[in-house]
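The residues making up each chain are set out below.
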Amino acid sequence: MQTIDTGAIQALDAAHYLHPFTDHAALAAAGARVMVRGDGIWLWDSENRRILDAMSGLWCVNIGYGRQRMSDAVYQQMQTLPFYNSFFNTTNVPAVTLAAKLVALAPPHFNRVFFTGSGSEANDTIVRMVRRYWQLMAQPERHIIISRVNAYHGSTIAGVSLGGMAGMHAQGGPLLPGIVHIDQPSYLEHGQGMTEDEFGVVAAGWLEERIKTIGPHNVAAFIAEPVQGAGGVIIPPTSYWAEIGRICDKYGILLVADEVICGFGRLGAWFGSTRMGIRPDLIAFAKGVTSGYIPLGGVLVGDRVGDVLTTKGGDFNHGFTYSGHPVACAAALENIRIIEDEGLVTRVAEDTGPYLNAAFTALAAHPLVGYADSFGFVAGLNLVQSKGASVHAHTLFDGDLGVGMLCRTHMFDAGVIMRAVGERMIIAPPLVMTRADIDEMIRRITLALDATLAELQTKGLMAE
Ligand code: PXG
């Protein structure tokens with residue numbers, strides 16, 4: 001085992017390394033946690049603490065850490081052809097093979113793939129592609145893309161504009177024009193007085209209202225995550241997506257599914273759209289396509305757009321140096337083979353997903369938990385100050401108290417990584433988790449909830 005001088009790394013980190021989404025003064029004061037090693041669902045930090053990674057890195061390490069087959073596949077491709085571009089009438093074997101494999105896994109109307117280096121670039125590509133499509137269809141006035149409040153679509157300028165994160169918008173302006181947002185289908189936030197299915201139809205209706213306000217002839221596309229991830233694992237009611245599909249069809253609007261988190265087994269299907277009954281025209285993917293071992297993203301292009309892009313107008317003037325990177329594509333191919341060989345998609349759909357659902361939703365019995373839900377291998381629970389007769393009658397914590405962050409620290413102390421989105425605590429565990437692993441994760445989460453409750457009681461922050 002390699003010995004690491006934690007203090008020295010932290011000092012260099014504070015001096016030179018700008019982290020994503022980070023308050024650097026606070027980080028420098030606290031010192032960064034130094035991750036050193038991973039194996040399966042476990043991580044080790046530089047102090048040799050073993051931590052159960054219930055977030056799969058950042059929603060991506062679907063096959064778990066330390067897979068020899070991945071190292072071998074990448075090593076072999078690096079030795080054969082570490083890089084070549086796909087411009088100038090050139091291609092490479094891993095990119096072609098992966099494109100064909102993705103098409104085979106996707107719903108039948110998908111026959112083409114555009115590769116990028118990340119999820120943000122995938123969504124930038126979607127904006128370029130949607131605009132080009134309507135230009136080629138001689139309807140360039142269709143330029144407005146409708147997205148949702150609290151959506152996350154990346155951090156490039158198109159990504160931040162498509163996304164609905166207030167904090168990012170506040171720092172990112174002026175944003176890309178021609179993007180508007182409707183509310184998210186959060187039953188907890190907006191569903192009072194309705195059943196979940198009634199609420200799903202109401203929430204989808206917000207799309208139709210907005211289309212009518214803008215004028216359908218001006219609307220290019222609607223983009224959404226099948227289940228909102230970074231926004232706090234917002235699982236829409238079953239009725240929502242069917243109604244969204246009907247509305248997009250009615251007005252001829254392109255439907256874009258951002259599957260950067262939901263793809264590659266996370267929701268118990270190769271693509272979350274399938275599980276949610278969505279029939280998208282375009283799919284953004286990244287993360288789980290390589291389980292994060294090497295960066296890769298892309299867009300699966302349905303025939304409605306693909307047939308137009310490839311038969312009209314000559315060049316589509318868009319692409320990246322690393323589009324179809326052979327090493328990244330080789331990593332994706334091996335990752336997909338591992339998912340297939342181990343039957344992980346079916347396992348999540350039929351075995352570990354339902355098992356997680358039963359164990360996780362039972363956490364709602366904890367005095368601090370007002371609501372807990374899951375879908376496939378994403379889950380979230382809401383911390384509440386006191387419980388009322390229904391989920392809409394709980395007393396919520398004042399956001400300024402930072403209760404979510406406090407709980408996150410207790411999670412880490414209990415040796416489990418969980419994300420806090422306000423007072424909603426979320427997980428997206430590696431798909432390789434067994435039932436026993438799930439039990440161990442829930443045991444650690446429960447310990448941390450108990451510790452959080454004890455601290456809140458000591459501070460007088462729980463209701464009497
Ligand atoms: N779409 C979705 C749905 C995502 O979750 C992106 C696009 C952008 O992907 P790249 O590869 O450009 O990061 C994402 C990324 C969080 C968190 O805090 C989530 C993401 C990224 C960073 C933080 O949960 N998702």
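Here, the structure is the one placed above.
Q: Help me understand the overall build of the protein chain in this model?
A: Helix and strand content of the protein chain: 17 helices and 16 strands. At 22 Å, the protein chain has a C-alpha radius of gyration in line with the 23 Å of a compact globule built from 464 residues. Seen through its C-alpha atoms, the protein chain measures out along the principal axes to roughly 70 × 60 × 45 Å. Each of the 464 residues in the protein chain was classed as buried or not, and the buried ones make up 55%. If you take every contact in the protein chain between residues at least 6 apart in sequence, the share linking residues at least 24 apart comes to 71%. When the accessible area of the protein chain is evaluated, it comes to approximately 19600 Å², of which 55% is carbon and sulfur surface. Averaged over its 33 positive side-chain charges, the protein chain has a centre that lies 4 Å from the centre of its 44 negative ones.

Q: Which parts of the structure should I look at to understand the nonpolar core?
A: Considering soluble globular proteins, one finds that nonpolar side chains tend to be buried as a cluster. Residues Phe360 and Leu381 are the most contacted members of the largest nonpolar core, which totals 72 residues. The biggest single contributor to this core is helix H14 (residues 326–341), with nine residues. Those residues in contact with leucine 381 that sit more than four places away from it in its chain are Phe360, Leu363, Val369, Tyr371, Ala372, Met418, Glu423, Arg424, Met425 and Leu449. Counting residues in each nonpolar core, the second largest holds 42 residues, with Phe199, Ile214, Ala224 and Cys262 among its members.

Q: Before we go on, may I ask you to explain the sheet that holds strand S14 (residues 416–417) in this structure?
A: Consider a sheet: its strands pair through backbone hydrogen bonds, and that pairing is either parallel or antiparallel. The strand order S1-S2-S3-S14 describes an open sheet built from four strands, whose pairing is mixed. On the outer flanks of this sheet lie strand S1 (35–39) and S14, each paired with one strand and no other. Sheet analysis places S1 next to strand S2 (residues 42–45), joined by four bridges and oriented antiparallel. Across the sheet, the residue bridging to methionine 35 is aspartate 45, located in S2. Along the sheet, helix H17 (residues 435–458) contacts S2, strand S3 (50–53) and S14; its crossing angle with S3, the most-contacted strand, is approximately 110 degrees.

Q: I keep staring at unusual backbone geometry and nothing clicks. Help me out?
A: Leaving glycine aside, a negative phi is the common case for residues, and trans is the common case for peptide bonds. Backbone geometry places phenylalanine 88, a non-glycine residue, at a positive phi of 50 degrees. In this structure, phenylalanine 88 sits in the loop between helix H4 (68–80) and helix H5 (93–105). In this structure phenylalanine 88 comes out as exposed when scored by relative accessible area, which is 68%. One non-glycine residue, lysine 287, adopts positive backbone phi at about 35 degrees. Of note, lysine 287 is situated in the loop between strand S9 (282–285) and strand S10 (297–302).

Q: Sorry if this is basic, but what is going on with the side chain of serine 161 here?
A: Within the fold, serine 161 resides in helix H7 (residues 157–162). Polar contacts involving the side chain of serine 161 include one to the main-chain carbonyl oxygen of isoleucine 157, which spans 2.6 Å. Of the polar contacts made by the side chain of serine 161, one reaches the backbone nitrogen of leucine 176; its length is 2.9 Å. Excluding its chain neighbours within four sequence positions, the residues that come into contact with serine 161 are His169, Leu175, Leu176, Ile179 and His181.

What counts and what doesn't
- Residues numbered from 1 in each chain as written.
- Predicted model: local features only at pLDDT ≥ 70, side-chain atom pairs only at ≥ 80, totals over all residues.
- Heavy atoms only, no water.
- Helix = DSSP H or I, 4+ residues; strand = E, 2+ residues; numbered from the N terminus.
- Rg over C-alpha atoms; globule rule 2.2 N^0.38 Å.
- Buried < 20%, exposed > 50% of the residue type's maximum accessible area, 1.4 Å probe, protein only.
- Contact = heavy atoms within 4.5 Å.
- Areas by Shrake-Rupley, 256 points an atom, 1.4 Å probe, with all protein chains shown as cover.
- Lys, Arg positive; Asp, Glu negative; His and termini not counted.
- Charge placed at Lys NZ, Arg CZ, Asp CG, Glu CD.
- Core = buried A, V, L, I, M, F, W, Y, C linked by side-chain atoms within 4.5 Å.
- Pairing = 2+ DSSP bridges.
- Axes fitted to C-alpha atoms, helices over the stretch in contact; angles between N-to-C directions.
- Polar contact = N/O pair within 3.5 Å; in protein donor to acceptor, adjacent residues only side chain to side chain.

Distances and angles like these do not, on their own, reveal function.
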